[in-house]
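# Observations on chain architecture
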Amino acid sequence: MAKQPPISKRIKELRTKADLSQKKLGILAGIDEFSASARMNQYEKGKHIPDFTTIARFAKVLKVPACYFYAEDDEMAEMILVFGSLPASLRAKTLLKLKTR
């Protein structure tokens, strides 16, 4: 069995965490209501991979950075979520501190 693409896995994880149906997430992300459920199912199963514009819309609806969906490593994905949730000033301080190590 082929490994599920990280995008597919992350869409499903966030969607279920947000307690949204496939159809509802699709509609909120701008997918036509009549095809939203089928398209989301294909994305989550890895049969089709959404383009970046669609990923960006999912990210906006789910309130996460778009790059989260592309992280292959779960630990890195978690770091992206944590870093993305910080206020801008704290992100800048954190980056500065990491760069000076």
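Refer to the preceding data block for the structure.
Residues numbered from 1 in each chain as written. Predicted model: local features only at pLDDT ≥ 70, side-chain atom pairs only at ≥ 80, totals over all residues. Heavy atoms only, no water.

If you tally the helices and strands in the protein, you get six helices and zero strands. For the protein, the spread of C-alpha atoms along the three principal axes comes to 50 × 30 × 20 Å. Expressed as a percentage of its 101 residues, the buried residues of the protein come to 30%. A sequence separation of at least 24 residues applies to 48% of the contacts in the protein between residues at least 6 apart. For the protein, the computed accessible surface area is about 7,000 Å², with 57% contributed by carbon and sulfur atoms. Charge centroids of the protein, computed over 19 positive and 11 negative side chains, lie 5 Å from each other. (Helix = DSSP H or I, 4+ residues; strand = E, 2+ residues; numbered from the N terminus. Buried < 20%, exposed > 50% of the residue type's maximum accessible area, 1.4 Å probe, protein only. Contact = heavy atoms within 4.5 Å. Areas by Shrake-Rupley, 256 points an atom, 1.4 Å probe, with all protein chains shown as cover. Lys, Arg positive; Asp, Glu negative; His and termini not counted. Charge placed at Lys NZ, Arg CZ, Asp CG, Glu CD.)

Before going further, it helps to spend a moment on the nonpolar core. Generally speaking, nonpolar side chains in soluble globular proteins are found buried as a group. Grouped together as the largest cluster of nonpolar side chains are 22 residues, with contacts concentrated most on Ile-11, Phe-58, Val-64, Tyr-68 and Phe-69. For this core, the elements supplying multiple residues, two or more each, are α1 (6-17), α3 (36-45), α4 (52-62) and α5 (74-85). It is α4 that contributes the most residues to this core, four residues altogether. Beyond its immediate stretch of four places on either side in the chain, Phe-58 contacts Ile-11, Leu-25, Ala-29, Ile-31, Met-40, Tyr-43, Pro-50 and Phe-69. (Core = buried A, V, L, I, M, F, W, Y, C linked by side-chain atoms within 4.5 Å.)

Unusually for a residue other than glycine, Asp-19 sits at a positive phi of about 60°. With respect to the element layout, Asp-19 can be found in the loop between α1 and α2 (22-28). Phi angles above zero are rare outside glycine, and Lys-63 is one such case at about 60°. In this structure, Lys-63 sits in the loop between α4 and α5. For Lys-63, a relative accessible area of 74% corresponds to the exposed category.

On the secondary structure map, Leu-90 appears in helix α6 (residues 88-99). Taking the C-alpha atoms as reference points, Leu-90 and Ala-36, 54 residues apart in sequence, are found 37 Å from one another.

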